[in-house]
Amino acid sequence: MIEIKNLDFGYKNTPVFKNINLSFKEGSIYGLLGENGVGKTTLLKIICGLQHPTTGTVTLDGFKCSDREPDMLKNIFFLPDEVQLPESSTPQRYVDELVPFYPRFAQGTFLHMMQELEVEPGRRFREMSFGQQKKSLIACALSLGTNYVLLDEPTNGLDIPSKAQLRSILSKRMDDNTTIIISTHQVKDVENLIDPIVILTHNDVLLDASVEKITSRLFFEYGGPSRPEALYSEQLPGGCMNVLVNTDGEESKVNIEALFNAVLHNPKRVKELMNE
Ligand code: ADP
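In this text, all values refer to a predicted model and were calculated from it rather than measured experimentally.

Undergrad: Would you mind going over the environment of Thr-41 with me for this structure?
TA: Tracing the backbone shows Thr-41 in helix 1 (residues 40–47). Spatially, the C-alpha atoms of Thr-41 and Pro-80 are 8.0 Å apart, while their sequence positions differ by 39 residues.

See below:
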C-alpha cells in the first residue's frame with residue numbers, strides 16, 4: 001500500500017500540496033484526476049522518490065519512498081508523460097535494458113501486449129509514430145512485473161482505437177496484488193476503468209472515493225430537465241445531464257466529466273457528502 005500522511009510539498013515559488021492524506025491500496029486502478037498544474041505529476045514523482053516531501057511521510061509497503069531503496073524500486077515503475085527514447089533502439093532492446101532491475105519481467109506478457117497494441121517489438125523508435133512509441137512504453141511498463149505501476153497521462157497521443165486497446169490491456173493486467181495509478185486530465189479516456197477516483201485541486205484533495213461510494217451519494221440523471229438543485233447541470237441535445245444528491249439510494253452510472261465538474265463547482269458540498 002502507498003500511504004501519504006500530512007504531505008506538504010512545494011517547488012521554490014510554487015506551493016503544490018498542503019497537508020494532504022491519501023492511500024492507494026492493492027487491487028485497484030486509481031484515477032488521479034485534476035486540471036493542468038494541480039500537481040498530478042508531482043505526486044507521482046514523490047511516490048517514486050524523485051521529489052521529497054517538505055514535511056509529512058510517503059511510504060510504499062513500509063519503505064520510505066524518498067530513500068529509493070532497491071527493494072522498493074524493483075516493485076514500482078513510473079512512466080512519465082514524455083520519455084526521451086534512443087531513436088535507433090527498439091522496444092525489445094529498450095525493455096531488455098530494464099530487465100536487470102525488474103526480476104519479475106515476463107517476456108511473454110510483453111510480446112502479447114505489443115501484439116494487442118499492434119506495435120512491432122523489433123521496429124526502431126525513429127520509424128514509429130508518437131502513438132506507437134507511447135504504446136511500446138506502456139507495454140514495457142505493464143510487463144515488468146511490478147506491483148505498482150504509475151502512468152502519467154498514458155492516453156496522450158493515442159488515437160481512439162488505441163485508447164480502447166489501452167483500457168483492455170490495463171483491465172487484463174490487473175490482479176489483487178497490483179496498484180495502478182493513472183494520472184490524467186482527459187477524464188473521459190479512463191471512464192469505466194478507474195475505481196477509486198481521486199481528484200486533486202491546488203494544494204488539496206477534492207475527492208477520494210470508490211465508484212460505489214460516489215454513486216451512493218450522487219445520482220447521475222441523463223436526459224432530464226434542468227434542475228436548479230443539481231450540483232452540476234449541463235444542457236445536452238437529448239436533455240440535461242444532472243448531478244444530484246442521491247436522496248433515495250437509486251443506482252446510476254457515473255458520468256466522469258459531469259462528476260469532475262460537480263466536484264469543481266461544489267467542492268465543499270461534495271466533500272461533506274462523501275464524509276457523511
Ligand atoms: P499536473 O501534473 O497536475 O499538470 P505538475 O505536477 O506538473 O501538475 O505541476 C504542479 C505545479 O508545480 C505547477 O504549478 C507547475 O508549474 C509546478 N512545477 C512542476 N514542476 C516544477 C519544477 N520542476 N520546478 C518548479 N515548478 C514546477
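The structure having been displayed, the exposition proceeds.
Undergrad: Is there a simple way to explain the pairing of strand 2 (residues 14–24) in this structure?
TA: Looking along a regular strand, one sees side chains alternate from face to face of the sheet. Judged from the 7 bridges that link them, strand 1 (residues 2–11) and strand 2 form a sheet pairing that is antiparallel. Considered in strand 2, the bridge of Ile-4 is made with Leu-22. Between strand 1 and strand 2, which pair antiparallel and follow one another directly, the connecting turn spans 2 residues.

Undergrad: What exactly am I supposed to notice about the domain arrangement of the protein here?
TA: By a frequent convention, interface size equals the accessible area lost on bringing the separate parts together. Each assigned domain of the protein is listed here: domain 1 (2–208) and domain 2 (210–274). Measuring from the centre of the C-alpha atoms in domain 1 to the corresponding centre in domain 2 gives 29 Å. The interface is formed by 16 residues belonging to domain 1 together with 16 residues belonging to domain 2. With both chains or domains summed, domain 1 and domain 2 bury close to 1500 Å², and 72% of this area falls on carbon and sulfur atoms.

Undergrad: Which parts of the structure should I look at to understand the site of the ligand?
TA: Around the ligand, the structure places Tyr-11, Thr-14, Val-16, Glu-35, Asn-36, Gly-37, Val-38, Gly-39, Lys-40, Thr-41 and Thr-42. Contact distances for the ligand include 2.9 Å between an oxygen atom and a backbone N or O atom of Gly-39. A distance of 2.5 Å separates an oxygen atom of the ligand from a polar atom in the side chain of Thr-42. Considering the ligand on its own, with 560 Å² of exposed area, one finds that the protein chains cover 59% of that surface. Those elements giving two or more residues to the shell around the ligand turn out to be strand 2 and helix 1. No other element matches helix 1, which puts 3 residues into the shell around the ligand. Here the shell around the ligand is built from residues that sort into 3 nonpolar, 6 polar and 2 charged.

Undergrad: Where do I start with the layout of surface pockets in this structure?
TA: In this structure, the largest pocket occupies an estimated 300 Å³ of space. Lining the largest pocket are 16 residues, and of these Arg-68, Ile-76, Phe-77, Phe-78 and Tyr-102 sit closest to its centre. The biggest single contributor to the lining of the largest pocket is strand 6 (residues 76–79), with 4 residues. When its residues are assigned to classes, the lining of the largest pocket shows 14 nonpolar, no polar and 2 charged.

What counts and how
- Residues numbered from 1 in each chain as written.
- Predicted model: local features only at pLDDT ≥ 70, side-chain atom pairs only at ≥ 80, totals over all residues.
- Heavy atoms only, no water.
- Helix = DSSP H or I, 4+ residues; strand = E, 2+ residues; numbered from the N terminus.
- Pairing = 2+ DSSP bridges.
- Domains from an automatic or database assignment.
- Contact = heavy atoms within 4.5 Å.
- Buried area = accessible area lost by both parts, 1.4 Å probe.
- Near = heavy atom within 4 Å.
- Polar contact = N/O pair within 3.5 Å; in protein donor to acceptor, adjacent residues only side chain to side chain.
- Areas by Shrake-Rupley, 256 points an atom, 1.4 Å probe, with all protein chains shown as cover.
- Nonpolar A, V, L, I, M, F, W, Y, C, P; charged D, E, K, R; others polar.
- 1 Å grid on protein atoms, 1.4 Å probe; cavity = no way out; pocket = protein on both sides within 12 Å on 5 of 7 lines; lining within 4 Å.
- Points joined across faces, edges and corners; volume = space filled by probe spheres on them.

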